[in-house]
Amino acid sequence: MSPQLNTSSESTMEGDDLLSVEEFKALLEKIPGLKFSIVQVESIVNYLDGDGNGDIDLMELDHAIKKAHRKHVGRDPMHLIAHKLVKNPYSKILLLPTSRAFQEVRPKKDLRS
């Protein structure tokens with residue numbers, strides 16, 4: 001069973017829906033086995049901080065988690081069809097039944113292996 005984080009500690013969170021570098025470091029340190037220097041946490045916060053205010057807000061964290069998830073699991077067929085339509089709004093894929101359109105956009109498996 002994976003450890004759960006208790007983020008409700010008032011000594012860690014100010015209650016403003018923002019995570020400062022220090023608050024994010026304290027949150028990360030609640031995960032057993034993880035240790036980061038303040039410089040490493042500053043680097044992570046700077047990477048996640050979309051608006052450049054020095055803190056991570058809920059939307060920035062949500063965006064980062066969803067982006068990482070998409071990168072890990074890949075795009076589903078509907079996203080691939082939408083991407084094809086962005087490139088070519090007049091694509092004939094619109095005329096295909098959904099199942100056939102899915103076949104058109106799915107990556108082809110290498111049969112040589």
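None of the values given here were measured: they were computed from a predicted structure. (Residues numbered from 1 in each chain as written. Predicted model: local features only at pLDDT ≥ 70, side-chain atom pairs only at ≥ 80, totals over all residues. Heavy atoms only, no water.)

Core analysis: the biggest nonpolar cluster contains 9 residues, these being Leu19, Val21, Phe24, Leu27, Leu28, Val41, Val45, Leu48 and Ile56. In terms of residue count, helix α1 (residues 21-28) provides more of this core than any other element does, 4 residues in total. Setting aside chain neighbours within four positions, we find Val21 in contact with Ile38, Val41, Glu42, Val45 and Gly54. Core analysis: the second largest hydrophobic core is formed by 5 residues, Ile81, Ile93, Ala101 and Phe102 among them. (Core = buried A, V, L, I, M, F, W, Y, C linked by side-chain atoms within 4.5 Å. Buried < 20%, exposed > 50% of the residue type's maximum accessible area, 1.4 Å probe, protein only. Helix = DSSP H or I, 4+ residues; strand = E, 2+ residues; numbered from the N terminus. Contact = heavy atoms within 4.5 Å.)

Within helix α2 (residues 38-48), the full set of buried residues consists of Val41, Val45 and Leu48. Looking down the long axis of α2, one finds its buried residues gathered within 65° of arc, a one-sided arrangement. Exposed residues lying more than 90 degrees from the buried face of α2 are Val39, Asn46 and Tyr47. Packing partners of the buried residues in α2 comprise α1, β2 (56-57) and α3 (58-73). (Arc of directions from axis to C-beta.)

A separate point is the packing of α1 against α2. With their axes 9 Å apart at the nearest point, α1 and α2 run at an angle of 110° to one another. Taken together, the axes of α1 and α2 lie roughly perpendicular to each other. Residues Val21, Phe24, Lys25 and Leu28 of α1 form the contact with α2, whose participating residues are Ile38, Val41, Glu42, Ile44, Val45 and Leu48. For the contact of α1 with α2, the residue count by class is 8 nonpolar, no polar and 2 charged. (Axes fitted to C-alpha atoms, helices over the stretch in contact; angles between N-to-C directions. Parallel < 35°, antiparallel > 145°, perpendicular 65-115°, else oblique. Nonpolar A, V, L, I, M, F, W, Y, C, P; charged D, E, K, R; others polar.)

This part covers the pattern of salt bridges. Taken as a whole and assessed by the stated rule, the structure comprises 3 salt bridges. One salt bridge connects Glu29 with Lys25, and the closest N-O pair in it is separated by 2.3 Å. Residue classification places Glu29 among the partly exposed positions, given a relative accessible area of 36%. Lys25 sits in the buried class, given a relative accessible area of 18%. Between Asp62 and Lys66 there is a salt bridge whose closest N-O contact spans 3.1 Å. Of this pair, Asp62 and Lys66 both sit in helix α3, 4 residues apart, which is roughly one turn of the helix. Take Lys66: its relative accessible area is 45%, and that puts it in the partly exposed class. (Salt bridge = Lys/Arg side-chain N within 4 Å of Asp/Glu carboxyl O.)

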